[in-house]
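# Results of the structural survey
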Amino acid sequence: MTTIRVPKAWEIPETEVTPEAIYFNRRRFLKTLVGASILPILGCQSSSQPDQKLVATIDLAKLSVKTNPAFAKVDRPITTELLAARYNNYYEFGTGKSIWQAAQSLPTEDWKVEVTGSVKNPRTYDLDDLIKKFPLEERIYRFRCVEAWSMVLPWIGFPMKLLMAEVEPTSKAKFVRFTSYDNPETRVGPSWTLSGNLPWPYTESLTLAEMANDLAFFAVGIYGHILPKQHGAPIREVVPWKYGFKGAKSIVKIEFVESQPSTFWHTLVPDEYDFEANVNPSKPHPRWSQATEKFVGAVKDFSWEKRDTLPYNGYGEYVASLYS
Ligand SMILES: Nc1nc2c(c(=O)[nH]1)N[C@H]1C(S)=C(S)[C@@H](COP(=O)(O)O)O[C@H]1N2
Ligand SMILES: [Mo]
């Protein structure tokens with residue numbers, strides 16, 4: 001086996017550092033780490049208008065989506081659309097942040113979501129039915145990745161509790177598990193690490209009390225459009241009081257289960273990615289502090305503005321009682 005030189009931290013452009021991916025990147029996937037940074041790409045854009053290739057054809061405006069007044073504003077600006085659309089974590093499409101083009105190969109036509117397990121009404125939904133069944137609303141939420149960067153994103157979707165009411169989990173159900181789309185033949189992300197095979201497909205889980213919380217949301221759109229593929233089209237979880245990895249993208253299966261299921265990051269590195277993963281400034285990640293975060297705001301002054309991390313990412317009034 002040939003040895004690949006591991007670059008020192010100061011040799012890696014800041015915007016490409018992906019601490020979550022360190023396990024895959026170190027030896028085998030170094031190339032994606034040192035690829036083009038996001039800054040030159042953004043520099044080519046003369047305005048902050050989104051590239052039409054990034055946005056989908058169905059205009060959610062036609063469905064007269066309104067902003068939920070309870071979640072209409074946060075204390076910082078909404079991240080510029082183009083920036084949010086080109087700085088992503090979606091490891092099925094690569095371990096760097098610039099996966100937006102690779103993600104365009106995700107096949108989203110005729111999408112189905114299977115709801116199964118301990119539920120009274122198991123059912124497979126066509127995505128169109130889901131979108132029509134539940135009233136869509138816009139919510140402006142903070143977003144906090146465990147890697148200590150943050151954004152503010154205008155999601156469109158519906159509260160998870162509406163789906164719960166529809167399918168009726170049984171009294172035995174204690175957790176819900178979300179499974180992302182995965183095709184090992186087209187997946188460009190890694191399939192193994194030094195510690196063994198990666199636990200694909202990507203899975204995440206919540207307790208039923210968390211799923212029933214007002215904040216827990218299924219997003220089918222963002223910035224007024226249906227979700228671009230790199231954000232997890234056509235449907236993803238959004239749980240803003242938890243670190244970003246808890247929000248599985250491109251969901252194909254929702255399963256109600258009786259005991260805590262295995263999940264992707266927690267299986268891979270349990271002491272770095274705990275199951276609960278609530279945003280907590282006073283609980284450092286084993287490899288870095290969580291006391292502050294770098295806020296990705298506007299393109300014109302892309303500056304990684306440093307901010308204090310908020311307990312529960314600022315959503316304590318909604319969720320703190322779940323954990324007392
Ligand atoms: N299927 C899948 N879902 C995923 C991920 C992933 O790699 N695969 N990455 C997670 C992580 S670590 C983060 S921070 C968010 C990023 O969401 P965004 O790219 O839409 O900002 O998606 C989460 N959901
Ligand atoms: Mo993340």
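These lines cover the structure that appears in this document, whether it is placed above or below. Computed from a predicted structure; not experimentally measured.

## Thoughts on the site of ligand 1
Surveying the vicinity of ligand 1 reveals 17 residues, the closest of which are Tyr91, His231, Arg236, Gly247 and Lys249. In the model, an oxygen atom of ligand 1 is placed 2.8 Å from a nitrogen or oxygen of the Tyr91 main chain. Here an oxygen atom of ligand 1 and a side-chain polar atom of Lys249 are 2.7 Å apart. Its free accessible area being 530 Å², ligand 1 has 100% of it covered by the protein chains. Comparing atom positions with the cavity grids shows ligand 1 to sit within the largest cavity. Partitioned by chemical class, the residues of the shell around ligand 1 number seven nonpolar, six polar and four charged.

## Some points on the packing of aromatic side chains
Under the defined criterion, the tally for this structure stands at 21 aromatic pairs. Ring geometry for Tyr315 and Tyr318: centres 6.4 Å apart, planes at 55°, overall tilted. With relative accessibility at 25%, the residue Tyr318 sits in the partly exposed group. In this arrangement the basic side chain of Arg142 is found over the ring face of Tyr315, its NZ or CZ atom lying 6.0 Å from the centre.

## What about a negative patch on the surface?
Where like charges cluster on the molecular surface, the negative patch consists of Glu109, Asp110, Asp128 and Asp129. Its location among the elements puts Asp110 in the loop between α4 (81–85) and β2 (112–117).

## Topic: helix α6 (residues 160–167)
Those residues of α6 that fall on the buried side of the exposure criterion are Met160, Leu163, Met164 and Val167. Buried residues along α6 cover an arc of 105° about the axis, so they all sit on one side. After α6 finishes, the residue Glu168 shows a positive phi value of roughly 55°.

## Comments concerning the sheet that holds strand β3 (residues 123–126)
An order of β3-β2-β13-β6-β9 is seen for the five strands of this open sheet, with the pairing classed as mixed. Unpaired on one side and paired on the other, β3 and β9 (203–207) mark the two borders of the sheet. Between one strand axis and the next, the sheet turns by 15° as a mean value, whatever way the strands run. Judged from the five bridges that link them, strand β6 (residues 175–180) and β9 form a sheet pairing that is antiparallel. Across the sheet, the residue bridging to Phe175 is Thr207, located in β9. With respect to the sheet, α6 is in contact with β2, β3, β6, β9 and β13 (251–257), its orientation differing from that of β3 by roughly 135°.

## Notes on the pattern of salt bridges
Taken as a whole, this structure holds 17 salt bridges when the rule is applied. Arg76 is paired through a salt bridge with Glu293; the nearest N and O atoms lie 2.8 Å apart. Of this pair, Arg76 sits in the loop between β1 (66–67) and α4 while Glu293 sits in strand β14 (residues 292–295), placing them 217 residues apart in sequence. Relative accessible area serves as the criterion here: at 9%, Arg76 is assigned to the buried category. We classify Glu293 as buried; its relative accessible area is 2%.

## Considerations on the side chain of Asn89
Its place among the elements puts Asn89 in the loop between α4 and β2. Its relative accessible area of 16% is what places Asn89 among the buried residues. Reaching out from Asn89, the side chain makes a polar contact with the side chain of Glu147 at a distance of 3.3 Å.

## Topic: the side chain of Arg139
Considering the arrangement of structural elements, one finds Arg139 in strand β4 (residues 137–144). Under the relative-accessibility criterion, Arg139 is labelled buried at 4%. In terms of polar contacts, Arg139 uses its side chain to reach the backbone carbonyl oxygen of Asp214, at 2.8 Å. Residues within four places of Arg139 in sequence aside, it is in contact with Asn68, Phe71, Leu153, Pro154, Trp155, Pro159, Asp214, Leu215 and Phe217.

## As for empty space enclosed by the protein
Gaps left between atoms are located by rolling a probe of water-molecule size over the structure's atoms. One pass over the structure, following the stated rule, counts three cavities of 30 Å³ or more. When its residues are assigned to classes, the lining of the largest cavity shows 14 nonpolar, six polar and four charged. The computed volume of the second largest cavity comes to approximately 90 Å³. Along the walls of the second largest cavity sit 14 residues, with Phe143, Val238, Val239, Pro240 and Gly244 positioned nearest its centre. Taken together, the elements giving at least two residues each to the lining of the second largest cavity come down to β4 and β12 (236–238). Residues of the lining of the second largest cavity, tallied by class, amount to six nonpolar, two polar and six charged.

Cut-offs used in this document
Residues numbered from 1 in each chain as written. Chains lettered and ligands numbered in written order. Predicted model: local features only at pLDDT ≥ 70, side-chain atom pairs only at ≥ 80, totals over all residues. Heavy atoms only, no water. Near = heavy atom within 4 Å. Polar contact = N/O pair within 3.5 Å; in protein donor to acceptor, adjacent residues only side chain to side chain. Areas by Shrake-Rupley, 256 points an atom, 1.4 Å probe, with all protein chains shown as cover. 1 Å grid on protein atoms, 1.4 Å probe; cavity = no way out; pocket = protein on both sides within 12 Å on 5 of 7 lines; lining within 4 Å. Sits in = over half its atoms within 2 Å of the grid points. Nonpolar A, V, L, I, M, F, W, Y, C, P; charged D, E, K, R; others polar. Phe/Tyr/Trp six-rings, centres within 6.5 Å; stacked < 30°, edge-to-face > 60°. Buried < 20%, exposed > 50% of the residue type's maximum accessible area, 1.4 Å probe, protein only. Lys NZ or Arg CZ within 6 Å of the ring centre and 35° of its normal. Patch = residues over 30% accessible without salt bridge, like charges linked within 9 Å, V, L, I, M, F, W, Y side chains within 5 Å. Salt bridge = Lys/Arg side-chain N within 4 Å of Asp/Glu carboxyl O. Lys, Arg positive; Asp, Glu negative; His and termini not counted. Charge placed at Lys NZ, Arg CZ, Asp CG, Glu CD. Helix = DSSP H or I, 4+ residues; strand = E, 2+ residues; numbered from the N terminus. Arc of directions from axis to C-beta. Pairing = 2+ DSSP bridges. Axes fitted to C-alpha atoms, helices over the stretch in contact; angles between N-to-C directions. Contact = heavy atoms within 4.5 Å. Points joined across faces, edges and corners; volume = space filled by probe spheres on them.

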